[in-house]
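Structure at a glance
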Amino acid sequence: MSNIIAICNQKGGVGKTTTAMNLGAALAKQGKRVLLCDLDAQANLSEYLGFEEDDKPTITELFAVVAAQAYIEADTVKSSIRHNELNGVDYIPANINLANADVFLLNALSRETVLKRILTEDVTKDYDYVLIDCLPSLGVLLLNALAAADSMLIPVQVQKFSIDGLKALTSLCNQVKATINPQLYLLGILPTMVEHTTVSRNAVQLLEDTYTDKLLRTQIHRSVEAAKSSESGKALCLTSGSRLGEEYIELAEAIQKSF
Ligand SMILES: Nc1ncnc2c1ncn2[C@@H]1O[C@H](COP(=O)(O)OP(=O)(O)OP(=O)(O)O)[C@@H](O)[C@H]1O
Ligand SMILES: [Mg+2]
């Protein structure tokens, strides 16, 4: 059985995509079979993985099929899966048309569970981990991710304002648990872009005081390595001596222990 993890935070630019890619590649390096799912019309994760449009479906077409006919064949979903050799991961790409999801999901039956009907056991059984890179919003696509996932991993840029926004997300998590996905749980809060400053230290302290055992021990520091990695398409853990690479390896180990 695979573990489906939604990497989410409605705040933009906190390191969701960087975490999806680098946690995925780190798990793959540790011998795990990983499927990454891009659920953002910005398609940053797909770009990171070197995706170029072809005639195979993206997550957008899969959503459109389910919206129209309520179900989708596992083979159609499998035909959307690409392989990235360098980073050792499989992925389902997104494209800009996913921005219209609100429109084409409008009349769909049970529109929060479309992704759940895409990521069926038949599709995910070949993987140990499925990581969903969510968009920065609390809308219907995020609800789809939370309905399909077993757990949530929340990267938080360590600043006071970012921490304030977490309450809305954890409250949404509770609402999803009470309705469409009772099994959903918070896997952890991941401090990102940590710096050796008082502001950064205070923010980590605030997270620790508020979220206690849900705050992960692993911290991802701020480094230009992140931007370089997305430019080259090579995960951080594949560059020897990369500090962030080691941090994502540590995160992958911690996540494996927690299941
Ligand atoms: N640890 C880090 N140190 C420095 N820069 C980082 C770090 N992690 C990510 N970045 C950079 O910050 C920017 C935002 O990161 P990323 O795209 O992962 O965030 P995101 O939460 O997915 O954003 P969005 O909400 O727009 O999807 C990118 O330019 C990325 O290279
Ligand atoms: Mg992103």
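Of the regular secondary structure elements, the protein holds 13 helices and 7 strands. The C-alpha atoms of the protein give 17 Å as radius of gyration, which agrees with the globular expectation for 259 residues (18 Å, within 12%). Looking at the protein residue by residue over its 259 residues, the buried ones come to 54%. Carbon and sulfur atoms make up 51% of the accessible area of the protein, which totals about 11400 Å².

What follows deals with the site of ligand 1. Among the 19 residues in the neighbourhood of ligand 1, the closest are listed as K16, T17, T18, H221 and S223. Separating an oxygen atom of ligand 1 from a backbone N or O atom of V14 is a distance of 3.0 Å. Contacts to ligand 1 include Q42, whose side-chain N or O atom sits 3.2 Å from an oxygen atom. Mapped by element, the contributors of at least two residues to the shell around ligand 1 are α1 (16-29) and α12 (225-232). Take the shell around ligand 1: its biggest share by element is 3 residues, from α1. The class makeup of the residues in the shell around ligand 1 is 7 nonpolar, 8 polar and 4 charged.

A few words on the layout of surface pockets. Space left empty within the atom packing is revealed by a probe, the size of a water molecule, rolled over the atoms. In this structure, the largest pocket occupies an estimated 270 Å³ of space. Looking at the largest pocket, it is lined by 16 residues, and the ones nearest its centre are G13, K16, T17, T18 and N44. Broken down by secondary-structure element, the contributors of at least two residues to the lining of the largest pocket are α1, α2 (44-48) and α12. Residues that form the lining of the largest pocket fall into these classes: 4 nonpolar, 8 polar and 4 charged.

Further remarks concern the pairing of strand β4 (residues 89-92). With burial as the criterion, each face of β4 is covered, one bearing V89 and Y91 and the other bearing D90 and I92. Inspection of the sheet shows strand β2 (residues 34-39) paired to β4 by 3 bridges, in the parallel sense. Considered in β4, the bridge of L35 is made with D90.

Criteria and thresholds
Residues numbered from 1 in each chain as written. Chains lettered and ligands numbered in written order. Predicted model: local features only at pLDDT ≥ 70, side-chain atom pairs only at ≥ 80, totals over all residues. Heavy atoms only, no water. Helix = DSSP H or I, 4+ residues; strand = E, 2+ residues; numbered from the N terminus. Rg over C-alpha atoms; globule rule 2.2 N^0.38 Å. Buried < 20%, exposed > 50% of the residue type's maximum accessible area, 1.4 Å probe, protein only. Areas by Shrake-Rupley, 256 points an atom, 1.4 Å probe, with all protein chains shown as cover. Near = heavy atom within 4 Å. Polar contact = N/O pair within 3.5 Å; in protein donor to acceptor, adjacent residues only side chain to side chain. Nonpolar A, V, L, I, M, F, W, Y, C, P; charged D, E, K, R; others polar. 1 Å grid on protein atoms, 1.4 Å probe; cavity = no way out; pocket = protein on both sides within 12 Å on 5 of 7 lines; lining within 4 Å. Points joined across faces, edges and corners; volume = space filled by probe spheres on them. Pairing = 2+ DSSP bridges.

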